[in-house]
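Listed below, chain by chain, are the residues.
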Amino acid sequence: MSVSVQHTLITPAEIEAVSLGTLKEYFQIPEDVGANDNFVVRVGQTAREAIETELRRQLITAEWSSAYDRFPIGERFIEVPKPPLQEVTKVEYRDPETHEFVEMDSDDYVVRTDTEPGRIELAYAKEWPSVLEQPASVRLTYMAGYGDDESDVPATIATAICALAKHLYDLPGPVRSEEHTSELQSLAYLVCRLLLEK
């Protein structure tokens with residue numbers, strides 16, 4: 001696959017991977033105390049985004065599009081980003097003659113959701129079509145995530161989100177994630193290593 005790749009979130013997850021109630025329980029905030037609920041939700045979202053970035057995963061079901069310059073050369077499969085893969089809705093490529101996007105026949109490939117990451121494999125005796133030599137001429141659209149509910153997210157990942165969110169919650173002053181992106185990702189890395197590599 002070409003080194004040029006672009007990932008675009010089409011339809012975001014409908015819920016957070018860790019709910020407000022779970023975060024408040026982890027933070028030991030009484031359920032009936034709601035003065036800081038908006039802030040708790042915000043640090044939870046920031047922590048979830050950092051953990052997803054670190055793990056290169058999608059936690060709750062969302063729709064993504066990934067664009068490449070061309071199909072693989074010498075390989076009969078494409079590894080789909082943002083695991084775990086649920087389904088591939090379409091594979092498109094820019095026709096070299098019309099310059100328009102054409103949808104690849106789904107009978108020409110097999111979707112593997114039982115591998116990590118998921119794969120799009122060419123069917124028997126099929127070949128990748130020719131594409132226009134132009135950036136982002138191959139486009140995958142797919143659904144990724146562990147499921148639609150908080151309970152579908154592995155417990156260790158949920159705990160990693162809670163731990164990072166608690167650190168952000170305890171910081172003095174407002175959380176300015178744009179100013180602390182590097183530090184935040186370093187913390188996400190440490191949290192993931194401590195909790196997920198035991």
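Whatever comes next refers back to the structure up there.
Below, the structure is looked at part by part.

So, the pattern of salt bridges
Logical step 1: According to the stated counting rule, one finds 12 salt bridges in the structure shown.
Logical step 2: We note a salt bridge from Arg76 to Glu127, for which the minimum N-O separation is 3.6 Å. You can see Arg76 sitting in the loop between strand 2 (62–68) and strand 3 (77–79) and its partner Glu127 sitting in the loop between strand 7 (119–122) and strand 8 (138–144), a full 51 residues away along the chain.
Logical step 3: As a salt-bridge pair, Arg119 and Glu121 come within 3.3 Å of each other at their nearest N and O atoms.
Logical step 4: The exposure class assigned to Glu121 is buried, which follows from its relative accessible area of 18%.

Quick notes on the sheet that holds strand 7
Logical step 1: Overall, antiparallel pairing links the 3 strands, which are arranged 3-7-6 in an open sheet. What marks the edges here is a single partner per strand, and that holds for strand 3 and strand 6 (109–112). For this sheet, the mean inter-axis angle between neighbouring strands, taken without regard to orientation, is 15 degrees.
Logical step 2: Strand direction decides the pairing type here: strand 3 and strand 7, joined by 3 bridges, are antiparallel. From the neighbouring strand, Ile78 faces strand 7, where its bridge partner is Ile120.

A look at the packing of aromatic side chains
Logical step 1: By the definition in use, this model includes 5 aromatic pairs.
Logical step 2: Seen in terms of ring centroids, Phe39 and Tyr169 are 5.6 Å apart; in terms of plane orientation they differ by 35 degrees. Their pairing is tilted. One end of the pair, Phe39, is in helix 2 (residues 37–55); the other, Tyr169, is in helix 3 (residues 155–170), with 130 residues separating them in the sequence.
Logical step 3: Taken together through their ring pairs, the aromatic side chains of Tyr26, Phe27, Phe39 and Tyr169 make up a single cluster.
Logical step 4: We note Arg119 situated over the ring of Phe77; from NZ or CZ to the ring centre the distance is 3.6 Å.
Logical step 5: Directly above the ring of Phe101 sits Arg139, whose terminal nitrogen or CZ lies 3.8 Å from the centroid.

Focus on the nonpolar core
Logical step 1: Leu23, Phe27, Ile51, Ile157, Ile161 and Leu164 are the most contacted members of the largest nonpolar core, which totals 27 residues.
Logical step 2: Of all elements in the fold, only helix 1 (20–27), helix 2, helix 3 and helix 4 (181–196) reach the threshold of two or more residues within this core.
Logical step 3: With 8 residues, helix 3 is the single largest residue contributor to this core.
Logical step 4: The contact partners of Leu23, leaving out residues within four places of it in the chain, are Val18, Val40, Gly44, Cys162 and Ala165.
Logical step 5: Membership of the second largest hydrophobic core comes to 20 residues, among which are Leu85, Val91, Tyr109 and Trp128.

Regarding the environment of Gly21
Logical step 1: By the secondary structure assignment, Gly21 is in helix 1.
Logical step 2: Classification of Gly21 by relative accessible area gives partly exposed; the value is 26%.
Logical step 3: Sequence spacing of Gly21 and Asp37 is 16 residues, and the spatial spacing of their C-alpha atoms is 9.4 Å.

Here's the deal with the environment of Leu122
Logical step 1: Mapped onto the fold, Leu122 is located in strand 7.
Logical step 2: Overall, Leu122 belongs to the buried group, its relative accessible area being 9%.
Logical step 3: In the structure, Leu122 is positioned 44 residues away from Ile78 in sequence and 8.9 Å away in space, judged by C-alpha atoms.
Logical step 4: Those residues in contact with Leu122, other than ones at most four positions away along the chain, are Arg76, Met104, Asp108, Tyr109, Glu127 and Trp128.

Cut-offs used in this document
- Residues numbered from 1 in each chain as written.
- Predicted model: local features only at pLDDT ≥ 70, side-chain atom pairs only at ≥ 80, totals over all residues.
- Heavy atoms only, no water.
- Salt bridge = Lys/Arg side-chain N within 4 Å of Asp/Glu carboxyl O.
- Helix = DSSP H or I, 4+ residues; strand = E, 2+ residues; numbered from the N terminus.
- Buried < 20%, exposed > 50% of the residue type's maximum accessible area, 1.4 Å probe, protein only.
- Pairing = 2+ DSSP bridges.
- Axes fitted to C-alpha atoms, helices over the stretch in contact; angles between N-to-C directions.
- Phe/Tyr/Trp six-rings, centres within 6.5 Å; stacked < 30°, edge-to-face > 60°.
- Lys NZ or Arg CZ within 6 Å of the ring centre and 35° of its normal.
- Core = buried A, V, L, I, M, F, W, Y, C linked by side-chain atoms within 4.5 Å.
- Contact = heavy atoms within 4.5 Å.

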